Amino acid sequence: MIFSSLYFLCIFLPLFLLIFYLSRGDLRKWVIVLFSAFFYAWGAPVFIFFLLASSIIDFFLAKQFEPGVNNRKTFLGLSIVLNVGLLAYFKYANFFVDNFSILSDAVGFGTFSIEEVILPIGISFFTFQKISYALDVYYGRNKPLDSFLDYLLYIMMFPQLIAGPIVRFNDVSEQIRNYRENKLNDKVEGVYRFIIGLGKKVLLANTFAEVAETINRIPIDNLPLADSWLGILAYTFQIYYDFAGYSDMAIGLGLMLGIRFPENFNFPYLSRSITEFWQRWHMTLGAWMRDYLYIPLGGNRVSKTRVYFNLLIVFLISGFWHGAAWNFVIWGLFHGFFLMIERAWLGKLLKKLPSIIQILYTFFVVVISWVFFSMEFSDAIAYLGKMFSFGKIPLYTKVSNKVVFTFALGILFAFLAPKQKQLNFFNSAIGRISLKPSLSLLTYPVFILILVLSFMVLMTSDFNPFIYYRF
Amino acid sequence: MRQSLAYILVFSFILLLSAPLVFELWLDKGDIKPLKGTFRKAKPMKLNWDNWVNKEWQQRQEEIVKKNLKIKPSVVRLQHEMDYQLFDVYHMGDLLVGKDGYYFSWGWADKRCCVNTLDQDSTRIFVKKLKKLSNLYRKKGKYMRVIIVPSKEEIFSDKLPDEYAYDNPDNDYRRYKKLLDEYKVEYWDLLEFYRGIMDTASHPIYSPTSVHWTKYGTSFTIFKLLDDMDAFFGNRMNQLTVEGRKLSQFVHKDGDTEATLNLLSRIDTSSNFMYLDYGVKRKENAFRPKVITIGDSYYGNIRECEMLPEIYADHSKFLYYYSKVHLIHNNKTKRVKDLNIENEFKKADAFILLNSSHNLKNFPFGFQYDIDKVIKALESQ
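For every chain, the first residue of its written sequence is number 1, and the numbers climb from 1 along that sequence. As a convention, the first chain written is A and the first ligand written is 1, with the rest following in written order. Totals for whole chains, interfaces and linings use every residue, but because this is a predicted model, local features are given only for residues with pLDDT of at least 70 and side-chain atom pairs only at 80 or more, for both listing and counting. Excluded from the side-chain calculation are hydrogens and water; included are all heavy atoms of the structure.

**Student:** Quick rundown of the interface of chain B and chain A? Include the residues and the values.
**Tutor:** We call two residues in contact when some of their heavy atoms are within 4.5 Å. Across the boundary between the two partners, chain B contributes 38 residues, which contact 49 residues of chain A. Between Lys or Arg on one side and Asp or Glu on the other, a salt bridge is scored when a side-chain nitrogen of the former is within 4 Å of a carboxyl oxygen of the latter. Our enumeration of links across chain B and chain A arrives at one salt bridge. Close ionic contact of A:Lys402 with B:Asp83 constitutes a salt bridge, the shortest N to O distance being 3.0 Å. Polar contacts, as used here, are pairs of N or O atoms within 3.5 Å; protein pairs need one atom able to donate a hydrogen and one able to accept it. Residues neighboring in sequence count only if both atoms are side-chain atoms. Taken together, the connections running from chain B to chain A amount to eight residue pairs in polar contact (both at pLDDT 80 or more). The helix count covers DSSP runs of H or I at least four residues long, the strand count covers runs of E at least two residues long, and both are numbered beginning at the N terminus. Every element with two or more residues in the side of chain B that touches chain A is listed here: helix 1 (2-17), helix 2 (19-26), helix 3 (49-53), helix 4 (56-67) and helix 5 (72-87) of chain B. A total of 12 residues in the side of chain B that touches chain A trace back to one element, the largest contributor, which is helix 1 of chain B. Residues belonging to the side of chain B that touches chain A are distributed by class as follows: 23 nonpolar, seven polar and eight charged. Nonpolar residues are Ala, Val, Leu, Ile, Met, Phe, Trp, Tyr, Cys and Pro. Charged residues are Asp, Glu, Lys and Arg, and all others, Gly as well, are polar.

Here it is, written out as structure tokens:
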């Protein structure tokens, strides 16, 4: 069940909100956890038991991490090994076995295989949250939660359970510990935020996805230049609105429930360097990697060579986190390489150039990186070949007025970030109802329209993919 | 005030989310015009441990919400209308928008200009057997007619988009005709016949927004065929007559493409469509031939001529794509494979093979596998 499915929107969400708002006190936590368990079991009926069991173990292990407890390092090691081990097994076992098999065959030992391991949905996200909890408790940034219910609330809350944002324990520990009735303003802001996300996902991302899919079906050998660019640009906007839309929905749902999740996107295609891009794209993954991997590796306080090496390691793992396939590894290394050269010399050079050039440079590198992200390496090379070959230029794919309109909107919303003043005005209009109730009323019909249009598209079209669901 | 305003906003959001379910309880089935085309409903499934674990039940529940909501047809129509009005987007797979508001089948237009799908070798064998069947029929005093109805893409080829305008001299239609000529199988190619009618007809013979010929357009073939058959059988058949005429906007299949677009508004608003009220001039001891017709969807309007059961024998049959059997005297259908095809042909007085000119992919739709049996049965009769 994804947030943009009619089942979620028409049945699960209204039922949940109704029961949630009718309940009081700690009962609300139970409502969230029970609905979250059902939400997860809907898509992973067997793995819910695995998630619950591993959560019980993690919760009790973390009790042993507190400063002053004997052997706490051993318990931390146990917790990390357990979580990373499970992630490695479920997510990467097939990949490693397949690759070792190819290698073994190449050196004459023949092939071997294992039964296919099924990936539990959301494992990449909740494992990172569990590790975050363990490390934050271990390093004394936070005390472990007293109640298992609170721990389940942190790990299993359905808005962020299967596709993030990756909420570091530090970000929400106080909110969970002192969980109480959320402000009415937050609820209204949550509603608006959810609708914005739904609109991004359904009205924009799905239209871009149809274009990307149509072009993806053309054999690469026959792909004309213009179509190859249209295809990858459509994918570039699809993945942004897909994931950013989903994150907005998650943040909106969090607000409706009384938890403020960290932001995940901040106009990433407006970045002036790849370094900045990673401060604006999937920000919660970037923050997690920084806090729990880059800094423990030495961060910036080591030699230049070591910093470059750390960057490559972080981005190798970031790439691999996205999926057990070589294209993700290459995608990660590709970004890591640009981060490295920006730190070495390109960054200084870029700063001397006009902003528009910096933005175009970053956008260009990111678009190229999506080629690696979206297809196997050999296909990606062939696809890039088509993007830069000037043989067949004309656009063969039929582009409807609707697609042109969606592209215009997509570009507008991706590149025209509001200034702080406008953002404040907008926030006051959509969220801070106590400040500007009249504005809230004025903007409300616009949001209702987005909701109704999204419903219409969802009922009409069978096409509703979600890229980050498989991570 | 502010507090209650916020409550209203949040509550109305929840209400809006549940609106489709509220409509589910409120709307009556009869209130909603069903959608045309490939919209299928999902069947409910009983929950058990197995279908929960393999997620079949969950998927079915999601499908039910997606496909079966009573409000869906209205929402789909509204969405289609908006896309059509605002963006000129049509939600239909096999649609080619031509010049001056003419709609075509993309697949059939493609077969006219660019793609061959008729297998020449197997069709040659079939046509050879068809000749043999025709000889046998003639010998036994039975009537047989092969008819090629001009596809809309052929007769309105000047309205096709430029990229489909090429008249391929070696397309399926011409290959089929060449084979019929080569083996001297008698056939009617109705292209010139209809071109002649269209020069003088003041009502649509083919509608701009349909795939097929109109009911009025079909009537010319019905009369031509029945007259020919009657002459063959010695003028002993009941005669089809026209008792009245009515002008209106298109009804039923005369705008089938437009209907399949599932819009709220009408595209073709012309009131110039002619609908005939048929009657029958009965003859004493009239001969009512048992007629077997094999054909594509173009025979639909012939089958729906409400007086045909008075002219054909009761056990006459229409074999749609040689797959589904439409009976002449009621609306029941069955499968061709459940028929004793040898008996059907033995008892038949007339056989008509009717197909539109650019729908020859998979032609003759399976009859090629049974024609030997039919010939053998007729030879031994």
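**Student:** Kindly report on the packing of aromatic side chains, identifying the contributing residues and their values.
**Tutor:** Two rings from Phe, Tyr or Trp (for Trp, the six-membered ring) form a pair when their centres sit within 6.5 Å of each other. Planes less than 30 degrees apart are called stacked, planes more than 60 degrees apart edge-to-face, and all others tilted. For the structure shown, the criterion picks out 111 aromatic pairs over all chains. Look at A:Tyr192 and A:Phe447: their rings are 4.4 Å apart centre to centre, the planes differ by 40°, and that puts the pair in the tilted class. You can see A:Tyr192 sitting in helix 9 (residues 184-216) and its partner A:Phe447 sitting in helix 19 (residues 437-460), a full 255 residues away along the chain. Neither residue differs from the other here; A:Tyr192 and A:Phe447 are each classed as buried. The interplanar angle of 55° and the centroid separation of 6.2 Å between the aromatic rings of B:Trp52 and B:Trp57 together place this pair among those described as tilted. Note on accessibility: B:Trp52 and B:Trp57 belong to one class, buried. Two thresholds decide whether a charge sits over a ring: the Lys NZ or Arg CZ must be within 6 Å of the ring centre and within 35 degrees of the ring normal. Over the ring of A:Trp321 we find A:Lys91; its NZ or CZ atom is 5.4 Å from the centre of that ring. Sitting over the face of the ring of B:Phe287, B:Arg236 holds its NZ or CZ atom 4.6 Å from the ring centroid. Whether a residue is buried, partly exposed or exposed follows from its accessible area with a 1.4 Å probe, protein chains only, as a fraction of its type maximum: under 20%, in between, or over 50%, in that order.

**Student:** Go over the sheet that holds strand 7 (residues 291-295) of chain B, please, and point to the residues and values.
**Tutor:** Residues and elements named next belong to chain B. Pairing between strands is defined by DSSP: at least two bridges between them are needed. The strand order 4-3-11-7-8-9-10 describes an open sheet built from seven strands, whose pairing is mixed. For this open sheet the edge positions go to strand 4 (187-189) and strand 10 (333-335), each flanked by a neighbour on one side alone. The mean inter-strand angle of the sheet, taken between neighbouring strand axes irrespective of direction, is 20°. Across four bridges, the pairing between strand 7 and strand 8 (residues 317-320) is parallel. By the bridge assignment, Ile294 is partnered in strand 8 with Leu319. In the packing of helix 9 (residues 172-182) onto the sheet, the strands contacted are strand 3 (143-149), strand 4 and strand 11 (350-356), and the crossing angle to strand 3 comes to about 155°. As a rule, the C-alpha atoms of each element are fitted with a line to give its axis, helices using only the stretch in contact, and angles between N-to-C directions run from 0 to 180 degrees.

**Student:** So what about the domain arrangement of chain A? Which residues, and what values?
**Tutor:** Residue and element names in this part refer to chain A. Boundaries between domains were set according to an automatic or database domain assignment. Per the domain assignment, the segments making up chain A are domain 1 (6-180) and domain 2 (185-470). On a C-alpha basis, the centroid separation for the pair domain 1 and domain 2 is 25 Å. In this complex, domain 1 contributes 41 residues to the contact, which on the side of domain 2 involves 40 residues. Throughout, buried area stands for the accessible area (probe radius 1.4 Å) lost by two parts on being put together, summed over both. Between domain 1 and domain 2, roughly 3,600 Å² of surface is buried when both sides are summed, and carbon and sulfur atoms account for 74% of that area. At the boundary of domain 1 with domain 2, the tally comes to one salt bridge. Viewed at the interface, domain 2 and domain 1 are joined by 12 residue pairs in polar contact (both at pLDDT 80 or more). Per-element tally for the side of domain 1 that touches domain 2: the top contributor is helix 1 (residues 6-22), with nine residues.

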